[in-house]
Amino acid sequence: MASSPFVFDIQERETTEAKAPSYPQSRSSTSGFPEHKKRNKVSAFKQKRQGTLQPDDQKPKVFLSSSNLPISSPNHGPRPAPASASQSSKAGERTNIDRENNQRLASMSPEEIEQARQELFSGLDPSILEMLLKRANLDEGAGTSSFDQPQPASEAAPASDGQADAAPEIRIDDTSIKTTSTALPNQLPTATGTNTTPTTRPPKPYVSEEADGRDPPLEHATDPENQTLLAAAAANDDNSAPAVPPKEHIIDASSSELAGAHWPRAPQPADLDPSDPNFLQNLHEKYFPSLPADPSKLAWMAPVPTPHSAADRDSPYYPGQDSLPVSALRFDFRGALLPPRASRAVPVSKGLHHHGEAPEAAGYTVRELARLARSAVPGQRCVAYQTLGRMLYRLGNGEWGGVRSDDMSVGIWREVEEGAVLRSLHDEIGRGHRSAEAFATEAIWLFEKGGWKEKLKKA
């Protein structure tokens, strides 16, 4: 069987060695830094040195009529070209489109034009149609096309002979200064210079009064007749505010009609007195009336109760009590026990007063020291470790009794175990803070030196 002419034998091509990818090579410079970018545009400084930049004395100057001083122009560099190649191509394209539209309209009959117009009006949205009518140019008397570009003033009026190099001087009236003299209607501001021919302006688009929604502007407002019309229109304008408000709109507070008038005012809360027993309640009612009240969160702000008052007698460290629990005992920074009467005699400058269960009493309980030993602030941990170490040394030295069950020392040791004081001391070793680690090491050494552990083993 003959093979098909469309099936050919497989031909293998010789493979070449693949080229390994390489990183782009940067241009080497003699200094080792990248070379600066070359500027294609000639700077104004270089143009001035070459003599191609127009000096300031040849530029047109503008003077104020009030000060007779020239106005400096903010642009000191060369002006760009008036038109480029892209702008000229766009202008030619617009002209061709306008010519094609005019030729098509000329070839159509009035019936066809009316039919096409009705189709456009029925298919377009009224708002879009109104926008197009505002942008339309129906001023046929000007004899110009809507796509024509306005000619610059330099091309519209050539300079006169012999005065081409001289810069024209233009005077502008300063409107910020009021003058007493009145200008005649036929006097118009003129420019003193060679260029006296008026420049051509593009025709303004026609906008109907109904579509614009405003009154038609008055032309030649400088004429006496038009000024009279403007003054009459301003006098009959109901929307403008009067220079002096009417008398019936002015309220005189000293008049007899307002003698018994009552002006309501919002109720103002009374001033706060810190010595008031209901100070916290008054504070909440004045500043936070819409928030729920929680007296327990504001207990630390309460003032210290007066001695021997009802609130003072409710204190857990009141001196007149027959007995005190071991958990209420307080110690100073040296680890010594502070009795209730002695704690109240300690001045505040010693630093032993705090917002605890008994703010009027100085000193710290074992539970409060154990809580400070677990603080995130290293300074608080240092104070707790130092106080606990000295207290544990006094405990082992037997200042508060032996190891019997009825001794006060056993109750203090029970508070130490419940607060996990020894575990907090050992956890501080290797934690990272040098001062806290030193005080914890000292506290452990004082506990071993006091001998409380050996007393417990013997008991």
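What you see is a predicted model; the values in this text were computed from it and never measured.

Colleague: Summarise unusual backbone geometry; cite the residues concerned and give the values.
Modeller: Of note in this structure, Ala-420 is not a glycine but carries a positive phi near 55°. One can find Ala-420 in the loop between helix H13 (408-418) and helix H14 (421-428).

Colleague: Provide a residue-level description of the side chain of Glu-368, including the pertinent values.
Modeller: By the secondary structure assignment, Glu-368 is in helix H11 (residues 366-373). Residue Glu-368 is classed as buried on the basis of its relative accessible area of 10%. Here the side chain of Glu-368 touches His-354 through a polar contact of 3.2 Å, side chain to side chain. Leaving out residues up to four positions away in the same chain, Glu-368 has contacts with Arg-330, His-354, Gly-356, Glu-357 and Gly-363.

Colleague: Tell me about H11, and please be specific about residues and values.
Modeller: All of the buried residues along H11 are Val-366, Glu-368, Leu-369, Ala-370 and Ala-373. On its buried side, H11 packs onto strand E4 (330-331), helix H12 (378-396), H13 and H14.

Colleague: Just give me the short version of the pattern of salt bridges, but keep the residues and values in it.
Modeller: Tallied over the entire structure, the rule returns eight salt bridges. Between Glu-415 and Arg-367 there is a salt bridge, with the nearest N and O atoms lying 3.0 Å from each other. Placement of Glu-415 in helix H13 and of Arg-367 in helix H11 is noted, with a sequence separation of 48 residues between them. The shortest N-O distance in the salt bridge between Arg-381 and Glu-428 comes to 3.1 Å. In this pair, Arg-381 sits in helix H12 while Glu-428 sits in helix H14, placing the two residues 47 residues apart along the sequence. When sorted by exposure, Arg-381 lands in the same class as Glu-428, which is buried. One network of salt bridges, in which partners are shared, links Arg-381, Glu-428 and Arg-431.

Colleague: So what's going on with empty space enclosed by the protein? Residues and values would help.
Modeller: As enumerated under the stated definition, the model contains one cavity of 30 Å³ or more in all. By volume, the largest cavity is sized at about 40 Å³. Every residue along the wall of the largest cavity is listed here: Pro-316, Tyr-317, Ser-327, Ala-328, Arg-330, Glu-357, Ala-358 and Thr-365. Residues belonging to the lining of the largest cavity are distributed by class as follows: four nonpolar, two polar and two charged.

Thresholds, definitions, all that
- Residues numbered from 1 in each chain as written.
- Predicted model: local features only at pLDDT ≥ 70, side-chain atom pairs only at ≥ 80, totals over all residues.
- Heavy atoms only, no water.
- Helix = DSSP H or I, 4+ residues; strand = E, 2+ residues; numbered from the N terminus.
- Buried < 20%, exposed > 50% of the residue type's maximum accessible area, 1.4 Å probe, protein only.
- Polar contact = N/O pair within 3.5 Å; in protein donor to acceptor, adjacent residues only side chain to side chain.
- Contact = heavy atoms within 4.5 Å.
- Salt bridge = Lys/Arg side-chain N within 4 Å of Asp/Glu carboxyl O.
- 1 Å grid on protein atoms, 1.4 Å probe; cavity = no way out; pocket = protein on both sides within 12 Å on 5 of 7 lines; lining within 4 Å.
- Points joined across faces, edges and corners; volume = space filled by probe spheres on them.
- Nonpolar A, V, L, I, M, F, W, Y, C, P; charged D, E, K, R; others polar.

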